Amino acid sequence: MTTPPRPGQPAQPDRQEPPGRLDEADLAMLLLIRHFEQALLRLFADGEIDGTTHTCLGQEYIPVALRPLLGSDDYVFSNHRGHGHYLARFDDPDGLLAEIMGRRGAVCGGFGGSQHILRDRYLSTGVQGESLPVAVGVARHLKAAEPGRLAAVHIGDGTWGQGVVYEALNIAALWGVPLLVVVEHNDIAQSTPTRTQLAGTIAGRAAAFGIEHHATQARDVAGIRAWLAPVVERVRSAPRPVVVEFHTDRLGPHSKGDDTRSPEELDRLRRRDWYETYAAAYPQQFAAADERQRDLVAEVVHEVSARPPVAWEDR
Ligand SMILES: Cc1ncc(C[n+]2csc(CCOP(=O)(O)OP(=O)(O)O)c2C)c(N)n1
């Protein structure tokens, strides 16, 4: 039921294709997010951070692919698994880590932590589905006041169990608002496999509202970008809502250590990790960039950990 490509639109990239060679900036961003997330899990395991966090290990390529397609005047609404979304938009690992650790220089004064960040036109929330109606309202405003700009909202497959998603899609379609719904479909919601709780398909649910839907298995940043560029352009120019569904893998635990999947299942997913695929395709470029970003994140962790806690008067 996925909407067929239009004439002139690049074909949907295939997961089987070898990845295209990335430019240094894209590779650096992918690896920054990967090492940032791994460092966070270590900090939690070592008892250096309280509370909780949800890493986007395995899903990093989605915000990196979208990065040049979204401008600073577009709104991005993120969810509980949002570190990659934030880093791809702002390239600010220090501010994010300080926020999560409650240290000076925190992007939201340490109030928001991992899941609740507000910066310029970027807002994340840990409440599933909460951002979608807000994004529809913002998209309605953009349509009237800032034509050509859009609101992008990231949600997981499990979030399609929230009724508010359908109220929001209904109004988005009715009002014809510039809304890009980015679905990161990793087949699991915390511990619930999606196949046990989602009847039909996300494509079918979008179709029920007459909303254009596209899906891809690809992890190749350049291929995804070329494929999505005209889709995103249509969201802006029509304007109208579009749902883009990425079939992806959550490689880490739901939050810090609560993975209910079997070691065999995790092995299967790790074998198709973009990190492994890219390392095998471009070993020299990868090794140098990987070491650089690993060191950069280690330096950020070292420097931010040494900062004093956020003080009340800094907030
Ligand atoms: C309204 C609401 N209900 C329950 C939760 C607890 N919760 C946090 S994440 C999550 C699973 C979300 O699954 P999905 O949307 O597929 O995203 P993923 O975690 O796979 O990225 C749940 C149940 C919540 N944050 N908000």
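Our subject in this report is the structure included herewith. (Residues numbered from 1 in each chain as written. Predicted model: local features only at pLDDT ≥ 70, side-chain atom pairs only at ≥ 80, totals over all residues. Heavy atoms only, no water.)

**Quick word on empty space enclosed by the protein**
Okay, so step 1: Considering all chains together, one arrives at one cavity of 30 Å³ or more under this definition.
Okay, so step 2: Considering only enclosed or pocket space, the largest cavity measures out at about 50 Å³ in volume.
Okay, so step 3: Around the largest cavity sit N79, H80, T125, G126, V127, Q128, G129, S131, H154, I155, G156 and T159, which together line it.
Okay, so step 4: In terms of residues, the lining of the largest cavity owes the most to one element, strand β4 (residues 151–156), which gives three residues.
Okay, so step 5: A per-class count over the lining of the largest cavity returns two nonpolar, ten polar and no charged. (1 Å grid on protein atoms, 1.4 Å probe; cavity = no way out; pocket = protein on both sides within 12 Å on 5 of 7 lines; lining within 4 Å. Points joined across faces, edges and corners; volume = space filled by probe spheres on them. Helix = DSSP H or I, 4+ residues; strand = E, 2+ residues; numbered from the N terminus. Nonpolar A, V, L, I, M, F, W, Y, C, P; charged D, E, K, R; others polar.)

**Quick notes on a nonpolar patch on the surface**
Okay, so step 1: Residues L118, L123 and V134 make up a contiguous nonpolar surface patch of roughly 240 Å² in combined accessible area.
Okay, so step 2: One can find L118 in strand β2 (residues 118–119). (Patch = residues over 30% accessible without salt bridge, like charges linked within 9 Å, V, L, I, M, F, W, Y side chains within 5 Å. Areas by Shrake-Rupley, 256 points an atom, 1.4 Å probe, with all protein chains shown as cover. Salt bridge = Lys/Arg side-chain N within 4 Å of Asp/Glu carboxyl O.)

**A closer look at the pattern of salt bridges**
Okay, so step 1: Using the criterion set out here, one finds 21 salt bridges in the structure.
Okay, so step 2: When the shortest N-O distance is used, the salt bridge between D92 and R119 registers 3.1 Å. Taken together, the residues span a long stretch of sequence, with D92 in the loop between α3 (83–90) and α4 (93–101) and R119 in strand β2 at a distance of 27 residues.
Okay, so step 3: On the basis of relative accessibility, which here comes to 26%, the residue R119 falls in the partly exposed class. (Buried < 20%, exposed > 50% of the residue type's maximum accessible area, 1.4 Å probe, protein only.)

**Some words on the nonpolar core**
Okay, so step 1: Ranked by internal contacts, the top residues of the largest apolar core, which has 61 residues, are L97, L180 and L228.
Okay, so step 2: It is helix α1 (residues 24–45) that provides the largest number of residues to this core, a total of eleven residues.
Okay, so step 3: Residue contacts for L180: discarding those within four places in its chain leaves L66, L70, A151, A152, V153, V232, V235, V242 and V244.
Okay, so step 4: Of all hydrophobic cores here, the second largest spans 24 residues; its members include A135, A168, V177 and V181. (Core = buried A, V, L, I, M, F, W, Y, C linked by side-chain atoms within 4.5 Å. Contact = heavy atoms within 4.5 Å.)

**Structural notes on the site of the ligand**
Okay, so step 1: If you check the shell around the ligand, you find 15 residues, and the closest are H80, R81, Q128, G158 and T159.
Okay, so step 2: In the model, an oxygen atom of the ligand is placed 2.7 Å from a nitrogen or oxygen of the H80 side chain.
Okay, so step 3: Separating an oxygen atom of the ligand from a side-chain N or O atom of D157 is a distance of 3.2 Å.
Okay, so step 4: Across the complex, the protein chains shield 75% of the 580 Å² of accessible surface that the ligand would expose by itself.
Okay, so step 5: One can see that the ligand is located within the largest pocket.
Okay, so step 6: The residue inventory of the shell around the ligand, partitioned by class, reads three nonpolar, ten polar and two charged. (Near = heavy atom within 4 Å. Polar contact = N/O pair within 3.5 Å; in protein donor to acceptor, adjacent residues only side chain to side chain. Sits in = over half its atoms within 2 Å of the grid points.)

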